[in-house]
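What follows is the residue order along each chain.
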Amino acid sequence: MAKRIEASNVTAYYGAFKAIENINLTVEPKTVTALIGPSGCGKSTFLRSINRMHEVLPGARVEGSLTIDDQDIYDRDVDVTAVRRMIGMVFQRPNPFPTMSIYENVVAGLRLNGVRKKSILDEAAEKALRSANLWDEVKDRLGKPGAGLSGGQQQRLCIARTIAVEPQVVLMDEPCSALDPISTLAIEDLIFQLKDKFTIIIVTHNMQQAARVSDRTAFFSIDKTGEPGRLIEYDSTQKIFSNPSQKKTEDYITGRFG
Amino acid sequence: MTTTVTTHRPRPAAQPDSLRAKRLPRYAAPAIALAALLVAAAVVYGTGIGGAVLVVVVGALLYLVGLFAAANAVEGRRSARNRTWSALIHSAFVLAVLPLASVVWTLLSNGVDRLDGNFFLTSMNNIGARDPEGGAYHAIVGTLEQVGIATLITVPLGVLCAIYVVEYGRGRFAFAIRFFVDVMTGIPSIVAGLFVLAFWVLIVSPWFNDGRPSFSGFAAALALSVLMLPTVVRSTEEMLRLVPAPLREGAYALGVPKWKTILRVVLPTALPGIVTGVMLAIARAAGETAPVLLVAGGGAAINFNAFENNQSSLALFVYQQAGDASRYAPARAWTAALTLVALVLVLTIAAKLLARRNRLGR
């Protein structure tokens, strides 16, 4: 199910501003990859270009090639919605749809893509909520608004919503930065479990979190403000955190910079 | 056992030792108000230059001055300013509510005379100057049909236009639309009426009326939609812009196409605000007299067909009855005005309830 992602020479712009330059990296299926680096170094931009969310902003564009199992997602004849169905995304702040109930939020992806049959939706909702470790907390109030849950629950709801459409890859953009330590732990546990089925790429500012959850880590950095972000080092998480080959990485990891 | 520990450490002057401050007693504000009113009454009636209204105005001003002085003396400058501004804000609220209360009271007291079954069940057909009966049935029918048709035309057009401007429009074309919508906001209703008169009644309507121009309720509805459109577009636009971008991105990330995201996520989120905008537009349209007079022509008889012949409306009915020589006409005008206000109020409440039902109970 999970797929391999290969980025070669990915460069992304916001209008005239070049946010990232020549990113090359390969993500193996069923692994967790963490993207770390100082603010503004382009980790989120790179993440958003993997499921073509970058281009949602006016004037934003991507150059280079990004393939998922050898299909270039930036080919002219690629259907953007198909890409996003295959590569789901969880955002920094929980964003449940405010007009929908918990149940409707979970099945929103299926329903809005034309699945109508109640039995299929029910089954998918329960499965996704169970996978997101949320089922026991919400099973008695599925009809209540999703916005009424706590922050951590909302974020797990958003994860359930994402995995309900059964993507191959799940992108997470600082999914725990708005959450308390206990909710963060719940989500990290969840990432461990999801690894069995999905390829996961996670952007995080929390280096302990990167060390805890990821198999491989990519370190991004910028020389100075206004310069494009670059990939400095990409290796196994253990190597990055114990014996990085680049001086910059070591400085960042040990807190001497950034 | 609790003990009070007092520290004797010297502090800088900016940091007061005590958290307590002197306060005016509770009765001070009402007492100052009463005194201000008494002084104002004494001055106004003593000099004989005005009545009760002037007493209240002068009293209010004296109260502000007195309150500031008293608070300044006891509580200090910051607190005095706070009290004065609070009082000013409260008086602004009272000033804003007074006309409303006055309108409602006038309508109720004058409108109840003819608030009977006859008023709502008969038209003005064959009612002479000496007949006390006669009602606004034809006008109510006209208002409902004209405003209804105008809403049916305006809401889809206005909402789609706003969606284009907010979600799709880029560059000059979207800018031009916004600019012209702003220009439309300023169109006087009589001009909208003249436009429809020249365009629809005189040019288009003869084609399906044996070559003769014809007034119709539909023409009035057209003129009303010209007036409603900018309100609907602008308010919908503002509401769509308020929908947070992460919600749209959340839907995109699920592989939902843009049009479906707008239809199923953005619009429902913005719905209560859009409904408010539409109701404002409807309230404005329902009260318009000039366009109806110009292109629907009025008329005393009941006409259910909005596409043929003269039709009246409540606002036009009020205008006509208020200017009528019959001694029974003013009462009809008042009751019709009351009916119009009640109608808009009921519509607004119904629309709000409907929009809220969609938002889930919380």
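Residues numbered from 1 in each chain as written. Chains lettered and ligands numbered in written order. Predicted model: local features only at pLDDT ≥ 70, side-chain atom pairs only at ≥ 80, totals over all residues.

**Overview of the sheet that holds strand S6 (residues 87–90) of chain A**
Hydrogen bonding along the main chain pairs the strands of a sheet, whether they run parallel or antiparallel. Residue and element names in this part refer to chain A. Here is the rule: In this scheme, strands are said to pair when DSSP sees at least two bridges between them. Going along the chain from the N terminus, every DSSP run of H or I of four or more residues is numbered as a helix, and every run of E of two or more is numbered as a strand. Only the contacting stretch of a helix is used when fitting its axis, a line to C-alpha atoms as for every element, and angles between N-to-C directions run 0 to 180 degrees. Contact between residues is assigned whenever the C-beta positions, reconstructed from backbone atoms, fall within 7 Å.
A sheet is described by the order of its strands in space; here six strands give the open sequence S6-S7-S8-S3-S9-S10, paired in mixed fashion. The strands lining the two open edges of the sheet, one partner per strand, are S6 and strand S10 (230–236). If you compare each strand with its neighbour and ignore which way they point, the axes differ by 15° on average. Of the strand pairs in this sheet, S6 and strand S7 (residues 169–173) are connected by four bridges, and their pairing is parallel. Across the sheet, residue Met 89 finds its bridge partner in S7, namely Leu 171. Each of strand S3 (32–36), S6, S7, strand S8 (199–203) and strand S9 (216–221) is contacted by helix H1 (residues 43–50), which is oriented at about 150° to S8, the strand it contacts most. Strands S6 and S7 of the sheet are contacted by helix H6 (residues 151–164), whose axis makes an angle of about 175° with S6.

**Some details on the nonpolar core**
We count it as follows: Here a nonpolar core is just a set of buried residues of the types Ala, Val, Leu, Ile, Met, Phe, Trp, Tyr and Cys, joined wherever their C-beta atoms sit within 7 Å. Exposed residues have 12 or fewer other C-beta atoms within 10 Å of their own C-beta, buried residues have 20 or more, and partly exposed residues fall in between, where C-beta atoms are placed from the backbone.
Ranked by size, the top nonpolar core spans 143 residues in total, and within it Ala160(A), Ala164(A), Ala219(B) and Ala223(B) carry the most contacts. Broken down by element, the residue count for this core peaks at 15 residues, all from helix H8 (residues 217–242) of chain B. Residues contacting Ala160(A), with those up to four places away along its chain left out, are Val106(A), Ala128(A), Leu129(A), Ser131(A), Ala132(A) and Leu134(A). The next biggest cluster of nonpolar side chains, apart from the first, holds eight residues, and it includes Ala40(B), Val44(B), Tyr63(B) and Leu67(B).

**What to know about the UniProt feature "domain: ABC transporter" (unreviewed entry) in chain A**
Quick reminder of the rule: UniProt positions are given in the numbering used here, feature names are shortened, and annotations may be inferred rather than shown by experiment.
Under the local residue numbering, the UniProt record ascribes the feature "domain: ABC transporter" (unreviewed entry) to residues 5–247 of chain A. Annotated as residues 5–247 of chain A, this span is 35% helix and 26% strand, and its ends, taken at the C-alpha atoms, are 27 Å apart.

**As for the packing of helix H5 (residues 137–168) of chain B against helix H12 (residues 314–322) of chain B**
All names here are of chain B. What counts is decided by this rule: Here is the rule for angles: anything less than 35 degrees is roughly parallel, anything more than 145 is roughly antiparallel, 65 through 115 is roughly perpendicular, and the remaining ranges are oblique. In this classification, the charged set is Asp, Glu, Lys and Arg, the nonpolar set is Ala, Val, Leu, Ile, Met, Phe, Trp, Tyr, Cys and Pro, and all remaining amino acids, among them Gly, are polar.
At a minimum axis distance of 7 Å, the contact between H5 and H12 shows a crossing angle of 140°. Between H5 and H12, the angle falls in the class oblique. Here H5 contributes Ala 139, Ile 140 and Thr 143 to the contact with H12, which in turn contributes Leu 314, Leu 316 and Phe 317. Its residues assigned to classes, the contact of H5 with H12 comprises five nonpolar, one polar and no charged.

**So, the pairing of strand S1 (residues 5–14) of chain A**
Residue and element names in this part refer to chain A. In terms of strand pairing, S1 meets strand S2 (residues 17–27) through seven bridges, oriented antiparallel. Within S2, the position partnered with Tyr 14 by the bridge is Phe 17. Here S1 folds back onto S2, and the loop between the two strands holds two residues, one of which, Gly 15, carries a positive phi near 60°. Here eight bridges tie S1 to strand S4 (residues 60–68), and the two strands are oriented antiparallel to one another. Bridge pairing in S4 places Glu 6 opposite Thr 67.

**A word on the sheet that holds strand S5 (residues 71–72) of chain A**
Residue and element names in this part refer to chain A. Pairing is antiparallel across the open sheet formed by four strands, whose spatial order is S2-S1-S4-S5. Edge positions in the sheet fall to S2 and S5, since each of these pairs with one other strand and no more. Taken strand by strand, H1 contacts S1, S2 and S4, and its axis lies near 115° from that of S1.

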